[in-house]
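Fold and contact review
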Amino acid sequence: MNLAKIRSFIIILLYFTCLNVSAERIELYNSDHMSSSLPYCITQDSYGYIWVGTTHGLNKYDGYDFLKYYYDDSDQSSISDNDIVSILCDQEKRLWVGTNTGLCRYEYSTNNFMRYPIEGIKARISCICQRKNGDILVGTAGHGLYVIPKGTDKLTEVKGQRKYSYDIFYEKIFEDDKGVVWCATHLSTITKCRIEADKFIETKEIPLNHGKVSRFLKTDNSGFLICCYRGILRYDYATKSIGDAGYDLSDLPANTDIISAFFNSKGSLGIGTSDNGYFCTKSGSYKLVRPEWTLSHGMSSFQINDLFSDKNGTSWLSCYHQGIIKASLISNLFQTYDKAQFESMQIDERLSTMTSNSMSKLQNSLNGIKVETAVRDAKGINYISEYGK
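Described below are features of the structure shown in this document.

Rules of the game
Within any chain, residue numbers begin from 1 and follow the written order of that chain's sequence. Per-residue local features of the predicted model are confined to residues with pLDDT of at least 70, and side-chain atom pairs are confined, for both listing and counting, to 80 or more; whole-chain, interface and lining totals are unaffected and use all residues. Side-chain descriptors were evaluated using all non-hydrogen atoms of the structure, hydrogens and water having been removed beforehand. By this definition, two strands are paired if DSSP reports at least two bridges between them. Secondary structure elements are defined from DSSP: runs of H or I of at least 4 residues count as helices, runs of E of at least 2 residues count as strands, and each element is numbered from the N terminus. Between N-to-C directions, angles span 0 to 180 degrees; the directions come from axes that are lines fitted to C-alpha atoms, helices contributing only their stretch in contact. In this description, contact between two residues means that some pair of their heavy atoms is separated by no more than 4.5 Å. Note on disulfides: each one is a pair of cysteine sulfur atoms within 2.5 Å. Only protein chains enter the calculation, and the probe is 1.4 Å; a residue is then buried if its accessible area is under 20% of its type maximum, exposed if over 50%, and partly exposed in between. Put simply, two rings from Phe, Tyr or Trp (the six-membered ring, in Trp's case) pair if the centres are within 6.5 Å, and we call them stacked under 30 degrees between planes, edge-to-face over 60, tilted for the rest. In this description, a nonpolar core means a group of buried Ala, Val, Leu, Ile, Met, Phe, Trp, Tyr and Cys residues linked to one another through side-chain atoms lying within 4.5 Å.

Digging into the sheet that holds strand S21 (residues 241-244)
- The sheet built from four strands is open, its strands ordered S18-S19-S20-S21 with antiparallel pairing. Edge strands, defined here as strands with exactly one partner in the open sheet, are strand S18 (213-220) and S21. Pairs of neighbouring strands in the sheet enclose a mean axial angle of 25 degrees, with direction left out of account.
- Where S18 meets strand S19 (residues 223-228), six bridges bridge the pair, whose relative direction is antiparallel. From the neighbouring strand, Val-213 faces S19, where its bridge partner is Cys-228.

Brief notes about the side chain of Thr-191
- Mapping Thr-191 onto the fold places it in strand S16 (residues 189-196).
- Ignoring any residue separated from it by four or fewer positions in sequence, one finds Thr-191 in contact with Val-181, Trp-182, Cys-183, Thr-203, Lys-204 and Glu-205.

Overview of the state of the cysteines
- In total, this model carries zero disulfides according to the counting rule given.
- Cys-228 takes part in no disulfide bond, and the closest cysteine sulfur, belonging to Cys-227, lies 7.5 Å away.

Re the pairing of strand S8 (residues 103-107)
- Where burial is concerned, most of S8 is hidden: four out of the five residues are buried.
- Connecting strand S7 (residues 95-99) to the antiparallel partner S8 that follows it, the hairpin turn spans three residues.
- Here S8 pairs with strand S9 (residues 112-116) via five bridges, running antiparallel. For Arg-105, the partnering residue across the bridge sits in S9 and is Met-114.
- Here S8 folds back onto S9 in antiparallel fashion, the turn holding four residues, of which Asn-111 has a positive phi close to 60 degrees.

Section: the packing of aromatic side chains
- Within this structure, the stated rule accounts for 24 aromatic pairs.
- Look at Trp-96 and Tyr-116: their rings are 5.3 Å apart centre to centre, the planes differ by 55 degrees, and that puts the pair in the tilted class. On the criterion of sequence distance, the pair formed by Trp-96 in strand S7 and Tyr-116 in strand S9 is long-range, its members being 20 residues apart. Comparing Trp-96 with Tyr-116 shows no difference in burial state: the two are buried.
- Taken together through their ring pairs, the aromatic side chains of Tyr-47, Trp-51, Tyr-69, Tyr-106, Tyr-108 and Phe-113 make up a single cluster.

Notes on the environment of Phe-302
- Structurally, the position occupied by Phe-302 is in the loop between helix H3 (292-296) and strand S26 (303-309).
- When the C-alpha atoms of Phe-302 and Ser-274 are compared, they prove to be 7.3 Å apart, with 28 residues separating the residues in sequence.
- With near-sequence residues (within four places) excluded, Phe-302 lies in contact with Thr-273, Ser-274, Asp-275, Asn-276, Gly-277, Cys-319, Gln-322 and Ile-325.

A word on the nonpolar core
- In this structure, Trp-182, Ile-190, Val-213, Phe-216, Phe-224 and Ile-226 are the most contacted members of the largest nonpolar core, which totals 15 residues.
- Taken together, the elements giving at least two residues each to this core come down to strand S15 (181-184), S18, S19 and strand S20 (231-236).
- Beyond its immediate chain neighbours, meaning those up to four positions away, Phe-216 contacts Lys-172, Phe-174, Trp-182, Ala-184, Ile-190, Phe-224, Leu-225 and Ile-226.

Some words on the sheet that holds S7
- Pairing is antiparallel across the open sheet formed by four strands, whose spatial order is S6-S7-S8-S9. Strand pairing shows two members of the sheet lacking a second neighbour, strand S6 (84-89) and S9, which therefore form its edges. Shown here is a sheet whose adjacent strand axes are inclined to one another by a mean of 25 degrees, direction ignored.

Things to note about unusual backbone geometry
- Phi is positive for Asn-111, which is not a glycine, with a value near 60 degrees.
- Accessibility expressed as a relative area gives 37% for Asn-111, which makes it partly exposed.

Set out below in structure tokens:
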């Protein structure tokens, strides 16, 4: 294969300039890889590890393998329960893990866990949030709100809580840009709180008409999103009011519950549903649609418990009963040139044809483009031509 013939294919040329090559590389991790195919929560720590909490153990992913952590009745340094409910990596690079029976902190130096018991109670730790002042707020399912003040290592009950049954259930906690703490229960209400140290100073209960809250999401300096089971709302700092966020949910099947939400690396809103898979907005749009790659991977009936975007822009989907889906955006694989630029390029003449295995991998990554010829130069740069181009 000589250079003249390669040029005649007009490879990497106008076709890729107008095509905008982009696809999702999908990888599924289930009980063959992790402790369970029943994942619940996902986060990434300060060292780049991905942590996955399941109903049967905690998992740490290093990019190659999953290290599994289980409760051991004979080991007080093991995690306090196998049912992992919440995970938080804080500003001090500490990893907090909420289980069905209590709070733990992972010790990186010893690869084990420190437990934070609540006297006389085995509390389900449903949410963990760090405030801007460094305090760690810990919400329980039925036993109230607790705090670990910055600079201490002690779990303390927040004083001034009302003791009605719904007041002591905390499913989501969020601190806004004004220092106000928002608490969501298992009911269709949220509470706007002012908390100082370990005491409630002021609370205001706000009823919602869109079901219970599944996620609070920071958007910009003017407000934040309140994602509910049956709608997406927005709180506006200027007017101090909650209204519809303006997202078009018409593509969602009737009676679909939104149970998770996030902004991906491109700033698009993605939502996970209880039994209808994953939806997201396209760039510049407020309409939530089902991505094509979810259909091709049979995800239209998945329950998506959690969504997370890591430091590399990869999206992680916690799919109950299926496992964890890692969706990596394949883009910017090609440098594009116009014809004049390409013909003036200094291309290494030492070209070699790709092996069938390499060709197959390349073909699979090109989102439907049919490769006719592919060669690689001495510098490892690939040149391809498409059928009919």
